[in-house]
Amino acid sequence: MNMEQSLGLFLLSAVLISLSGVLSPGPMTAAVVERGGRSGLSGIYIALGHGLVEFPLIAILALGAGALFKHDWTRIFVGVSGGAYLFYLGLGMLRSPGAADMAEEDAGRGSSVVSGVLLSVGNPYFLLWWATVGLGLVLSATAFGVLGVVLFAVVHWLCDLLWLGFLAAASNRGAKRLGQGFYRKVSLVSGVVLVFFGGVFLWNSVRLLAGG
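Residues numbered from 1 in each chain as written. Predicted model: local features only at pLDDT ≥ 70, side-chain atom pairs only at ≥ 80, totals over all residues. Heavy atoms only, no water.

Caption draft 1: Molecular detail of the overall build of the protein. For the protein, the count of helices and strands is eight helices and zero strands. Along its sequence from the N terminus, the protein presents helices and strands in the succession α-α-α-α-α-α-α-α. Sorting the 212 residues of the protein into buried and exposed places 46% on the buried side. On the protein, roughly 10,400 Å² of surface is accessible, and the fraction owed to carbon and sulfur atoms is 72%. (Helix = DSSP H or I, 4+ residues; strand = E, 2+ residues; numbered from the N terminus. Buried < 20%, exposed > 50% of the residue type's maximum accessible area, 1.4 Å probe, protein only. Areas by Shrake-Rupley, 256 points an atom, 1.4 Å probe, with all protein chains shown as cover.)

What follows is the structure in structure tokens.
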């Protein structure tokens, strides 16, 4: 098997493994569905923010800094800051579900990119995935040199982009067809999900801090 075939098989396996993380329900899924009710493009912008975190992270892992992301203090910091952010975001949705204008384009651009960044850096599960499964993929990619790492990063991010873009577009179509009442229900459910994950992140951080 030549190098091109080996690289192609690796990228195919990387896609299949990456989908295990991309398709898992979580805070980002809830945020994309909620924002999708206002802008069908919000998933793309959130994926862009996610990529702003993920591409440098892959480079750092390729350079050998994977052990840093397994450290308890790193997980505690991410859990506390991420949990607090999710609480803030979720409570805002619960206080005023669907209050924003569904046609408000601002929800699809700058604020969504920022949300993509914060939902990534503040998610301990995201960090744990990259410290374990993701690290293994990055190390495998380094066997193909810089090109292998770059292609892996792009292919992995495209999985995020396509899935989050699809979720937001589907949510937007549902909101337009079923109206503001549907969007309010989506906001309420998304708010509950974000508050739940915020509580889980904070609780796990407290347990780590207490040594148990």
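Caption draft 2: Fine view of a nonpolar patch on the surface. A surface patch of nonpolar side chains, amounting to about 410 Å² of accessible area, comprises F55, V146, V150, V154 and L158. Secondary-structure assignment places V150 in helix α7 (residues 145-178). Residue classification places V150 among the partly exposed positions, given a relative accessible area of 44%. (Patch = residues over 30% accessible without salt bridge, like charges linked within 9 Å, V, L, I, M, F, W, Y side chains within 5 Å. Salt bridge = Lys/Arg side-chain N within 4 Å of Asp/Glu carboxyl O.)

Caption draft 3: Summary view of the packing of helix α2 (residues 27-36) against helix α3 (residues 42-62). Running from amino to carboxyl end, α2 crosses α3 at an angle of 145°, the nearest separation of the two axes being 9 Å. As α2 packs across α3, the resulting crossing turns out to be right-handed. Facing α2, whose interface residues are M28, A31, V32, R35 and G36, α3 presents S42, G43, I46 and H50. Its residues assigned to classes, the contact of α2 with α3 shows four nonpolar, four polar and one charged. (Axes fitted to C-alpha atoms, helices over the stretch in contact; angles between N-to-C directions. Left-handed = near helix turned anticlockwise from the far one by under 90°. Contact = heavy atoms within 4.5 Å. Nonpolar A, V, L, I, M, F, W, Y, C, P; charged D, E, K, R; others polar.)

Caption draft 4: View of the packing of aromatic side chains. Counted according to the given criterion, the structure contains seven aromatic pairs. For the pair F10 and F152, a centre-to-centre distance of 6.1 Å together with 45° between the ring planes defines the contact as tilted. Here F10 is found in helix α1 (residues 3-22), whereas its partner F152 is found in helix α7, with 142 residues between them in sequence. Look at F10 and you get buried, because its relative accessible area is 8%. Grouping aromatic residues by their ring pairs yields a cluster made of F10, W129, W130, F144 and F152. (Phe/Tyr/Trp six-rings, centres within 6.5 Å; stacked < 30°, edge-to-face > 60°.)

Caption draft 5: Looking closely at the nonpolar core. Core analysis: the biggest nonpolar cluster contains 20 residues, and M28, V32, L86, L89, L119, L164 and L194 have the highest contact counts within it. Elements with a contribution of two residues or more to this core: α2, α3, α4 (72-95), α7 and α8 (180-209). When residues in this core are grouped by element, the largest group, five residues, is from α7. Beyond its immediate sequence surroundings of up to four residues, L119 is in contact with P27, M28, A31, Y85, L86 and L89. With 19 residues, the next largest nonpolar core counts V53, W130, F152 and A153 among its residues. (Core = buried A, V, L, I, M, F, W, Y, C linked by side-chain atoms within 4.5 Å.)

Caption draft 6: A look at α2. Buried residues dominate α2, accounting for nine of its ten residues. Among the residues making up α2, those that are buried are P27, M28, T29, A30, A31, V32, E34, R35 and G36.

Caption draft 7: Local environment of the environment of L19. Inspection of the secondary structure puts L19 in helix α1. A C-alpha to C-alpha distance of 6.9 Å links L19 and C159, two positions 140 residues apart in sequence.

Caption draft 8: Spatial organisation of the confidence of the model for the protein. Put simply, the protein has an average pLDDT of 80, and 84% of its residues get 70 or more. Across the protein, the secondary-structure element scoring lowest on mean pLDDT is α4, at 76, and the one scoring highest is α3, at 92. Residue range residues 100-108 is modelled with pLDDT below 50. Its contacts to residues more than four positions away, or to other chains, number 25 contacts. (pLDDT = per-residue confidence, 0-100.)

Caption draft 9: Seen up close, helix α6 (residues 124-142). At G134, α6 shows its maximal bend, which comes to roughly 50°. Of all the residues in α6, the buried ones are P124, F126, L127, W129, W130, A131, G134, L135, L137, V138 and A141. Between the side-chain oxygen of the N-cap and the backbone nitrogen of Y125 there are 2.9 Å, and the N-cap of α6 in question is N123. (Bend = angle between axes of the 7 residues up to and from the residue. Polar contact = N/O pair within 3.5 Å; in protein donor to acceptor, adjacent residues only side chain to side chain.)

Caption draft 10: Local environment of the environment of S190. Topologically, S190 is positioned in helix α8. Taking C-alpha positions, S190 is 4.9 Å from A30, a pair spaced 160 residues apart along the chain. Among all residues touching S190, those that are not within four sequence positions of it are A30, E34 and M93.

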